[in-house]
Amino acid sequence: ETGVTQSPTHLIKTRGQQVTLRCSSQSGHNTVSWYQQALGQGPQFIFQYYREEENGRGNFPPRFSGLQFPNYSSELNVNALELDDSALYLCASSSNTRGGPADTQYFGPGTRLTVL
Amino acid sequence: AQSVTQLDSQVPVFEEAPVELRCNYSSSVSVYLFWYVQYPNQGLQLLLKYLSGSTLVESINGFEAEFNKSQTSFHLRKPSVHISDTAEYFCAVTRTSYDKVIFGPGTSLSVIP
């Protein structure tokens with residue numbers, strides 16, 4: 001069973017640029033969630049995708065966007081990068097059933113984004 | 001709205017000593033609770049979870065946590081820590097499979113030889 005993978009592992013961008021981060025979910029999982037983890041803090045929920053549809057969003061501006069593909073892999077796009085966007089971006093996959101109990105989220109190793 | 005509090009940002013403890021990492025949550029509805037561990041420069045790994053049933057849950061590496069609904073707590077304990085337990089520990093809560101997971105700020109456990 002393949003775990004959650006993310007690419008790239010590290011990325012350096014400058015202010016105003018755009019970035020795309022990628023996540024491959026664990027086999028059999030239909031849900032992907034994205035989190036931002038600033039240095040020394042806990043992860044903050046960005047949004048979640050279930051079967052290719054956005055299924056909830058945290059307090060992040062619209063320049064944070066994403067999508068999920070038919071194979072349940074996912075992308076996180078951030079436009080007009082700001083210095084405060086520097087963080088570890090984590091993707092987590094899970095297997096959910098509508099109305100069912102919470103399923104464990106399995107996290108990838110993350111992408112470290114540095115904005116200069 | 002839900003929230004998670006981890007009162008201890010750093011916990012130093014000597015090897016083979018017991019440790020307790022505290023977690024309190026706030027929610028007006030029933031929740032599911034998790035502890036995740038993050039080793040340096042790595043993603044989060046699930047340590048243990050409470051979904052229902054027995055309020056005492058255990059992990060395979062000797063950690064345990066007890067769900068206390070009246071005190072809204074989910075403290076993590078280990079009777080004897082090892083150097084390899086040095087890591088950041090996050091308590092997390094969610095309501096359903098479609099709700100966001102709310103993480104606490106984390107507790108840095110440092111095991112001293």
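Look up: the structure comes first, before these words.
Residues numbered from 1 in each chain as written. Chains lettered and ligands numbered in written order. Predicted model: local features only at pLDDT ≥ 70, side-chain atom pairs only at ≥ 80, totals over all residues. Heavy atoms only, no water.

1. Examining the pattern of salt bridges
Residues and elements named next belong to chain B. Operational definition: By salt bridge we mean one thing: a side-chain nitrogen of Lys or Arg within 4 Å of a carboxyl oxygen of Asp or Glu. Only DSSP runs of H or I reaching four residues or more are called helices, and only runs of E reaching two or more are called strands; each is numbered from the N terminus. For every residue, the accessible area obtained with a 1.4 Å probe (protein chains only) is divided by the maximum for its type, and the residue is called buried under 20%, exposed over 50%, and partly exposed between those limits.
Taken as a whole, this structure holds nine salt bridges over all chains when the rule is applied. The salt bridge partner of D8 is R22, with a shortest N-O separation of 2.9 Å. Taken as a pair, D8 in the loop between β1 (3-5) and β2 (10-14) and R22 in the loop between β3 (19-21) and β4 (24-26) lie far apart in primary sequence, 14 residues in all. For D8, a relative accessible area of 19% puts it in the buried group. In this structure, D85 engages K78 in a salt bridge whose closest nitrogen and oxygen atoms are separated by 2.9 Å. A relative accessible area of 3% places D85 in the buried class. Here K78 falls in the buried class, since its relative accessible area comes to 6%. Put simply, E20, E64, E66 and R77 are held in one network by salt bridges that share partners.

2. Side note on the state of the cysteines
The condition is simple: The disulfide definition used here is simple: a pair of cysteine sulfur atoms within 2.5 Å.
Per the stated rule, a full pass over the model turns up two disulfides over all chains. Shown here is the disulfide that connects C23 of chain A with C91 of chain A, its sulfur atoms set 1.7 Å apart. Here C23 of chain A, found in strand β3 (residues 19-24), pairs with C91 of chain A, found in strand β9 (residues 87-94); they are 68 residues apart in sequence, far enough to count as distant. When its relative accessible area of 2% is taken as the criterion, C23 of chain A is described as buried. Accessibility expressed as a relative area gives 0% for C91 of chain A, which makes it buried. With a sulfur-sulfur separation of 1.9 Å, C23 of chain B is cross-linked through a disulfide to C91 of chain B. Disulfide C23 of chain B to C91 of chain B: torsion about the S-S bond roughly -65°, handedness left-handed. Of this pair, C23 of chain B sits in the loop between β3 and β4 while C91 of chain B sits in strand β10 (residues 87-94), placing them 68 residues apart in sequence. The exposure class of C23 of chain B is buried, given its relative accessible area of 0%.

3. A short note on the sheet that holds strand β8 (residues 74-78) of chain A
Remark on secondary structure: sheet strands pair via backbone hydrogen bonds, oriented parallel or antiparallel. Residues and elements named next belong to chain A. Under the convention used in this document: Strand pairing follows a simple DSSP-based rule, namely that at least 2 bridges must link the two strands. Interaxial angles span 0 to 180 degrees and are taken between N-to-C directions of axes, which are lines fitted to C-alpha atoms, for helices over the stretch in contact.
The strand order β1-β3-β8-β7 describes an open sheet built from four strands, whose pairing is antiparallel. Two strands in the sheet have a free side with no partner beyond their single neighbour: β1 (5-7) and β7 (64-68). Sheet twist, expressed as the average angle between the axes of neighbouring strands with direction ignored, equals 20°. Across five bridges, the pairing between β7 and β8 is antiparallel. By the bridge assignment, F64 is partnered in β8 with V78.

4. Points about the side chain of T107 of chain B
Residues and elements named next belong to chain B. We apply this condition: Polar contact is the term for a pair of N or O atoms within 3.5 Å; when the atoms are in protein, one must be able to donate a hydrogen and the other to accept it, and sequence-neighboring residues count only if both atoms are side-chain atoms. It only takes one pair of heavy atoms within 4.5 Å for two residues to be counted as in contact.
Relative to the elements of secondary structure, T107 occurs in strand β12 (residues 107-112). Separated by 3.3 Å, the side chains of T107 and Q6 make a polar contact. Within polar-contact distance, the side chain of T107 engages the backbone oxygen of D8 at 2.6 Å. If we skip the residues at most four places from it in the chain, T107 touches Q6, D8, S9, V11, L21, A87, E88 and Y89.

5. Quick look at the interface of chain B and chain A
Stated formally: We define buried area as the total accessible area lost by two parts upon association, computed with a 1.4 Å probe and summed across both.
In this complex, chain B contributes 21 residues to the contact, which on the side of chain A involves 25 residues. For the pair chain B and chain A, the two sides together bury roughly 1,800 Å², of which 55% comes from carbon and sulfur. There are zero salt bridges connecting chain B and chain A. Sorting the residues of the side of chain B that touches chain A by element identifies β5 (32-38), β6 (44-50) and β10 of chain B as the ones contributing at least two each. Among the elements that take part in the side of chain B that touches chain A, β5 of chain B stands out by supplying four residues, more than any other.

These results come straight from atomic positions and should not be treated as a statement about function.
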